[in-house]
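Single-letter residue listing:
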Amino acid sequence: MDKLPTYSESSPVDLPLLARWRLKHRMAPMALMLCFISVASLLLSLSQLALQGKQSVQLPLHAEQVLQRCNMLHAKPGPPSNFHQRTESDRFVKGTHATLIRNASIWTGDQEITQGDILLDKGIIKFVGHARPGMFNGFKELVTLDAGGSWVTPGIVDLHSHLGVDSAPALSGADDTNSWKGPVLPWLRSLDGLNTHDDAYKLSISGGVTTANVLPGSANAIGGQAFVIKLRPTAERSPSSMLLEPPYTLNGTHVDPTLPPRWRQMKHACGENPSRVYGNTRMDTFWAFRQAYDTARQIKEQQDAYCTRALAGEWKDLDEFPDNLQWEALVDVLRGRVKIHTHCYEAVDLDDFVRLTNEFQFPIAAFHHAHETYLVPGTLKQAYGHTPAAALFATNARYKREAYRGSEFAPRILAENGIDVVMKSDHPVLNSRFLLYEAQQAYMYGLPANLALAAVTSTPARIMGQDHRIGFVREGYDADLVVWDSHPLALGTTPQQVWIDGIPQLSQPAVASKPTSFQQAPRTPNFDLEAAAAIKYEGLPPLIPKKAKELVVFANISSMFVPDGMGGVMSLANVGEGSVVTLWKGVVQCWGAAAVCASEFTSEDAEWIDLEGGSIAPGLISYGSPLGLEEIQGESSTHDGTVFDPLTGSIPSILAGSELIKASDGLQFAGRDTLLAYRAGVTAGVTAPSSVGLISGLSTAFSTGAAHRLEDGAVIQDVVALHVQIGHSNQGPSVSTQIAALRNMLLGDKSSTAFAELAKGAIPLVVQVQNADIIASLIELKKEIRTRTGTDIQLTVAGADEAHLLAKELGEAGVGVILAPSRPFPNDWESKRILPGPPLTNETAITTLLAHGVTVGIGIVEQWSARNTRFDVAWAALESFDRISKEQALALASVNLEKLLGVKPSGGLSDMVATRGGTILDSEAKVIGIISPRRGIVDLI
């Protein structure tokens with residue numbers, strides 16, 4: 001860090017002279033108190049020797065140091081008693097101007113202040129409230145910002161991050177997340193692998209993240225010590241200069257005896273990860289825990305016995321203090337001076353760990369991931385010392401068996417049981433730039449607004465023991481603030497400015513205008529029944545929707561969006577407030593005013609559904625993940641599996657010369673991610689066979705709401721497109737070899753019907769590719785094929801993180817783009833040159849490509865996120881500076897994907913989605929019905 005904490009005696013601006021004198025003379029005895037205790041202990045030990053009449057024993061030279069250390073063994077961590085009297089932060093950078101933020105709507109970390117002012121000076125918050133005129137005239141070069149009523153919050157605090165140790169872009173030379181040297185490694189430290197060149201720091205700051213707890217990974221039962229960092233760059237450019245309140249001596253076990261120790265952090269993990277890495281069972285892992293803690297307990301008892309003698313003056317035959325550098329951190333855990341962060345999912349693991357805490361008497365700060373904590377809140381309350389917090393994802397679940405029962409209602413259920421809730425990123429598992437989005441989703445599913453905001457600010461600050469200086473907008477706290485362009489719980493909210501230690505982090509931020517309604521916390525749908533069902537069915541509530549009557553009337557509709565028949569989406573002009581839509585077996589019969597459609601129904605035989613000002617929109621399509629081919633990512637028995645790669649020569653003879661693999665042959669219906677997507681308005685999935693090589697095979701389009709393959713309309717289109725993937729990260733030969741093989745197949749392969757159809761332009765070629773240079777080669781290949789065959793093949797590039805660099809060329813070549821994910825992240829070298837969008841850039845990849853006439857769709861990477869497609873398209877519109885309309889946003893995940901992937905338009909048989917309380921783009925709206933003329937039904941959610 002910049003320097004050790006400084007508790008400056010320089011006066012604040014308006015501090016009276018007498019108050020300054022008192023402050024100066026009050027601090028001296030406070031600072032000397034702990035020193036006095038040590039000296040008194042030494043004198044006491046000498047007097048005891050005399051009083052007891054013992055034979056004189058020569059004191060060791062280091063007696064005073066030993067007594068100081070023994071007295072500190074039981075000192076509890078926390079800030080010095082005079083911490084909030086500081087007038088300058090230990091992280092203050094000289095030359096930083098004071099900043100006054102005026103007219104702000106402030107969420108302080110636990111309450112709201114309307115139209116208040118905030119003064120930042122010397123790295124701390126000096127004033128919060130309503131400033132008097134001329135109050136700050138004494139400041140030179142005061143920077144004043146009129147927030148105009150915009151929301152200001154504390155900086156976002158990420159309790160679980162791997163920033164700097166799991167760096168972006170991912171390169172083998174900077175992979176320092178886990179050690180593989182054994183299941184118990186408490187002596188390792190994330191600081192020793194912290195990469196200051198991680199591209200994600202800047203991105204995360206642009207999402208309002210100011211502080212992160214950098215944890216080791218979860219490969220080990222005890223993975224090592226974590227360190228809290230501030231994300232801003234420092235003049236020193238060193239990892240140590242980024243640290244927030246590290247132990248006073250990083251390279252040793254000694255502390256300053258005049259100050260209380262600082263909180264330490266440590267990572268533990270139970271369940272599947274350490275079992276998988278070391279080939280162990282849960283029984284093995286917990287025996288490893290018990291062995292480790294028993295070792296630490298023995299050392300602690302030796303230290304306590306030693307200090308009992310030293311403090312009693314029994315120096316005879318008293319050797320060196322029984323220290324152990326390898327185990328000292330775990331001994332500190334038993335002394336209650338380490339915040340334990342435990343990666344733990346299931347009830348069995350949670351129960352195991354709670355018993356461990358009681359056996360060895362140490363508290364847990366938080367269970368992380370914690371997918372089943374909402375099912376066993378009583379177990380958490382039995383933990384030693386206090387109830388741990390639960391650090392959660394909002395909707396990321398089912399990626400392995402222990403996450404299968406995860407619920408979007410976990411935050412609300414835990415809060416209702418009095419358990420602290422933290423939303424975390426596990427960056428780069430989730431891009432921490434969008435950590436606030438996790439809080440927004442938790443709020444939408446029922447977590448109260450104040451707790452949702454606290455879950456990414458004040459609560460994680462308190463859990464990591466830093467709530468004396470971060471997580472709140474309070475006088476005396478670190479000047480870590482964010483000014484937002486809309487209410488922090490509104491979808492797509494983006495920082496206008498971020499301060500860390502009083503230093504603004506965004507240079508010329510791009511700020512998109514948002515609707516006025518976005519300045520208030522959005523209304524939330526009612527999910528009471530769904531939350532109750534999550535508990536009743538132990539995390540696996542029924543997801544199959546109810547079938548409506550044959551005649552359905554959706555009433556009180558405010559808008560209706562439909563395909564326009566020309567490849568776009570349009571809004572029907574004659575559907576407005578109070579309109580109705582009537583359907584017979586899922587087919588629209590009439591829309592408009594109720595009087596106009598009265599002849600289509602009678603009150604006796606129709607099922608009426610009030611949308612309360614809601615809307616009807618095209619059903620959305622999900623593409624890019626194994627949706628429909630995979631149920632649990634970490635369980636191979638739930639997969640279709642991966643196809644053989646012809647470039648590695650691994651194709652069995654029985655398949656030699658045969659047609660390409662079809663995804664439709666491996667479809668799995670009624671999976672939980674599939675049905676959750678359906679219930680969120682994603683009515684179709686397009687999925688290709690999974691591959692780690694060049695050729696994936698032939699994709700298929702299927703209904704996400706179908707029960708099985710033989711159901712009418714379950715398979716929308718058996719063969720959709722031919723899929724290949726090209727890149728450096730694939731297992732196989734060079735990129736140039738991959739492109740040469742693709743060229744040969746396109747120009748010379750006459751045996752495959754699929755390649756013949758592709759050569760004729762009948763089906764698209766979809767290439768999974770990220771890098772702009774490879775995309776450029778594919779554009780040239782398309783031109784070459786047209787020159788040599790006269791056929792202009794349909795080419796779509798997917799993934800396409802760097803496609804924006806070739807927007808003009810893609811538009812001219814007629815190459816479409818599917819951006820997956822829609823908000824990019826530089827995961828690897830091939831994705832390094834992303835276009836991040838506001839507040840870092842005015843343009844996004846979507847707006848750039850659309851501006852050059854490129855047909856753009858959006859996709860996902862993992863199937864759990866299919867349910868959030870509606871918010872992905874809404875977000876694209878919100879950060880477009882009004883360049884993407886609602887109609888265009890809906891097209892990104894509907895008709896555009898149909899065109900790009902070769903799904904034949906369904907005409908009047910396209911699925912539609914009914915939402916109550918708003919459009920499908922609004923977080924206030926709830927999907928309550930799926931209209932499927934293809935299947936002849938209306939499903940009610």
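Residues numbered from 1 in each chain as written. Predicted model: local features only at pLDDT ≥ 70, side-chain atom pairs only at ≥ 80, totals over all residues. Heavy atoms only, no water.

Here we look at the sheet that holds strand β30 (residues 795-799)
Consideration 1: Overall, mixed pairing links the six strands, which are arranged β25-β28-β29-β30-β31-β32 in an open sheet. Two strands in the sheet have a free side with no partner beyond their single neighbour: β25 (695-698) and β32 (856-858). Averaged over all pairs of adjacent strands, the angle between their axes in this sheet comes to 20°, without regard to strand direction.
Consideration 2: The sheet contact formed by β30 and strand β31 (residues 816-819) spans four bridges and is parallel. (Pairing = 2+ DSSP bridges. Helix = DSSP H or I, 4+ residues; strand = E, 2+ residues; numbered from the N terminus. Axes fitted to C-alpha atoms, helices over the stretch in contact; angles between N-to-C directions.)

Quick word on the state of the cysteines
Consideration 1: Summed over the entire model, instances satisfying the criterion amount to three disulfides.
Consideration 2: Each disulfide pairs two cysteine sulfurs, and for C270 the partner residue is C344, the sulfurs being separated by 2.2 Å. In this pair, C270 is assigned in the loop between β9 (264-269) and α4 (272-278) and C344 in strand β10 (residues 338-344), connecting sequence segments 74 residues apart.
Consideration 3: With a relative accessible area of 0%, C270 lands in the buried category.
Consideration 4: Residue classification places C344 among the buried positions, given a relative accessible area of 0%.
Consideration 5: Sequence-ordered numbering of the bonded cysteines in the chain gives a disulfide pattern of 1-3, 2-4, 5-6. (Disulfide = S-S within 2.5 Å. Buried < 20%, exposed > 50% of the residue type's maximum accessible area, 1.4 Å probe, protein only.)

Concerning the nonpolar core
Consideration 1: Counting 175 residues, the largest nonpolar core has Y293, L765 and L810 as its most contacted members.
Consideration 2: Once you skip the residues sitting within four places of it in the chain, L810 turns out to touch I775, I779, A803, V815, V817, L849 and V854. (Core = buried A, V, L, I, M, F, W, Y, C linked by side-chain atoms within 4.5 Å. Contact = heavy atoms within 4.5 Å.)

Brief notes about the confidence of the model for the chain
Consideration 1: Per-residue confidence for the chain gives a mean pLDDT of 91; residues scoring 70 or more make up 92%.
Consideration 2: Contacts of residues 49-54 to residues separated by more than four positions or lying in other chains number three contacts, the stretch itself having pLDDT below 50. (pLDDT = per-residue confidence, 0-100.)

Regarding the packing of helix α15 (residues 735-748) against helix α17 (residues 772-789)
Consideration 1: The geometry of α15 relative to α17 is characterised by a closest axis approach of 11 Å and an angle of 25° between their N-to-C directions. Between α15 and α17, the crossing angle belongs to the class labelled roughly parallel. Between α15 and α17 lies a crossing whose hand is right-handed. Only I774, S777, L778, L781, E784, I785, R788 and T789 of α17 make contact with α15, whose side of the interface consists of V735, I739, L742, R743, L746 and L747.
Consideration 2: Its residues assigned to classes, the contact of α15 with α17 comprises nine nonpolar, two polar and three charged. (Parallel < 35°, antiparallel > 145°, perpendicular 65-115°, else oblique. Left-handed = near helix turned anticlockwise from the far one by under 90°. Nonpolar A, V, L, I, M, F, W, Y, C, P; charged D, E, K, R; others polar.)

Concerning the packing of aromatic side chains
Consideration 1: One pass over the structure, following the stated rule, counts 19 aromatic pairs.
Consideration 2: For the ring pair F353 and F367, a centre distance of 6.1 Å and an interplane angle of 85° mean the geometry is edge-to-face. Of the two residues, F353 sits in helix α7 (residues 347-360) while F367 sits in strand β11 (residues 366-369), which places them 14 residues apart along the sequence. In terms of burial, F353 and F367 fall into one category: buried.
Consideration 3: Feature note: the residues F286, F289, Y293, F353, F360, F362 and F367 constitute an aromatic cluster, connected by ring pairs. (Phe/Tyr/Trp six-rings, centres within 6.5 Å; stacked < 30°, edge-to-face > 60°.)

Quick word on α17
Consideration 1: When the terminal C-alpha atoms of α17 are compared, their 26 Å separation across 18 residues agrees well with the 26 Å that a helix rising 1.5 Å per residue should span.
Consideration 2: Along α17, the positions that sit buried rather than exposed are A772, I774, I775, L778, I779, L781, K782 and I785. Around the axis of α17, the buried residues are gathered within 165° of arc, so they sit on the same side. α17 presents D773, T787 and R788 as exposed residues on the side facing more than 90 degrees away from its buried surface.
Consideration 3: In this structure, the buried side of α17 is in contact with α15, β29 (765-769), β30 and α18 (807-813).
Consideration 4: Where α17 begins, one side-chain oxygen reaches toward the backbone nitrogen of D773, 2.9 Å away; that side chain belongs to N771.
Consideration 5: Count one or two residues on from α17 and you reach G790, which has phi positive near 80°. (Expected span 1.5 Å × (residues − 1). Arc of directions from axis to C-beta. Polar contact = N/O pair within 3.5 Å; in protein donor to acceptor, adjacent residues only side chain to side chain.)

Considerations on the sheet that holds strand β13 (residues 421-423)
Consideration 1: Spatial ordering of the open sheet is given by β6-β7-β8-β9-β10-β11-β12-β13, a layout of eight strands whose pairing is mixed. Of all the strands in the sheet, just β6 (156-161) and β13 have a single pairing partner and so form its edges. Here the strands of the sheet are splayed against their neighbours by 25° on average, with no regard to which way each runs.
Consideration 2: Sheet contacts for α7: β9, β10 and β11; angle to β10, the most-contacted strand, approximately 155°.

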